[in-house]
Amino acid sequence: MIEQLFTAQTVAVDVPARDWEEAVRFGGTLLAASGAAEERYGEAMVETVKSIGSYIVIAPGLAMPHARPECGAKRLGMAFVRLAHPVPFGNEEYDPVDLLVFLCAPDHNSHISAIAELMELIEDEAFLARVRAGMSKVAILDDIRKKAFSAS
């Protein structure tokens, strides 16, 4: 499933960002450009972090920004971003962040199997190491397509 969500349009590498807000807004533009979310979804993700905190930083150097379905999610969507330089999110345990996986879902259930596959992907330490070592967008997409997800 996620091999259909991560596309050339929703994966970006070496993205410059001055801070976490800029990084999150960039991911919002990818989701909007893919048709998965309205333009306002990026700002909703920023506001979610401002109001709830940096809980979206889920592992060392890895964040998963998202917002509520009613904040502009149109369909299930994901985006993957490698920043040119890590930025702090205010999470003492896992900062700074260099990889972001964005999620949008139009309801509270349609993303469950996609999340299961995503967890398999981001728990693959070898994959994350290759991405951080400078893997190209094409190679990232190829790795995702070749991965056999048990959640599928």
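Now for a quick tour of the structure. Quantities reported herein were computed from a predicted structural model and do not represent experimental measurements. (Residues numbered from 1 in each chain as written. Predicted model: local features only at pLDDT ≥ 70, side-chain atom pairs only at ≥ 80, totals over all residues. Heavy atoms only, no water.)

Observations regarding helix H5 (residues 125-132)
For H5, the set of buried residues is Phe127, Leu128 and Val131. Seen along its axis, H5 keeps its buried residues to an arc of 95 degrees; they face one direction. In the core, the buried residues of H5 are packed alongside strand S4 (77-87), strand S5 (97-104), helix H4 (112-122) and helix H6 (137-146). Looking at where H5 begins, the residue whose side-chain oxygen comes 3.2 Å from the main-chain nitrogen of Ala126 is Asp124. Within two residues after H5, Gly134 carries a phi angle of roughly 110 degrees, on the positive side. (Buried < 20%, exposed > 50% of the residue type's maximum accessible area, 1.4 Å probe, protein only. Helix = DSSP H or I, 4+ residues; strand = E, 2+ residues; numbered from the N terminus. Arc of directions from axis to C-beta. Contact = heavy atoms within 4.5 Å. Polar contact = N/O pair within 3.5 Å; in protein donor to acceptor, adjacent residues only side chain to side chain.)

Concerning the nonpolar core
Counting 29 residues, the largest nonpolar core has Phe89 and Leu100 as the members making the most contacts within it. Contributions of two or more residues to this core are made by strand S1 (11-15), helix H2 (20-33), helix H3 (40-52), S4 and S5. Each residue touching Phe89, except ones within four places of it in the same chain, is listed here: Trp20, Val24, Ser54, Ile56, Val57, Ala63, Asp95, Val97 and Leu100. Core analysis: the next-biggest nonpolar cluster, separate from the first, contains 25 residues, Leu62, Val101, Met135 and Phe149 among them. (Core = buried A, V, L, I, M, F, W, Y, C linked by side-chain atoms within 4.5 Å.)

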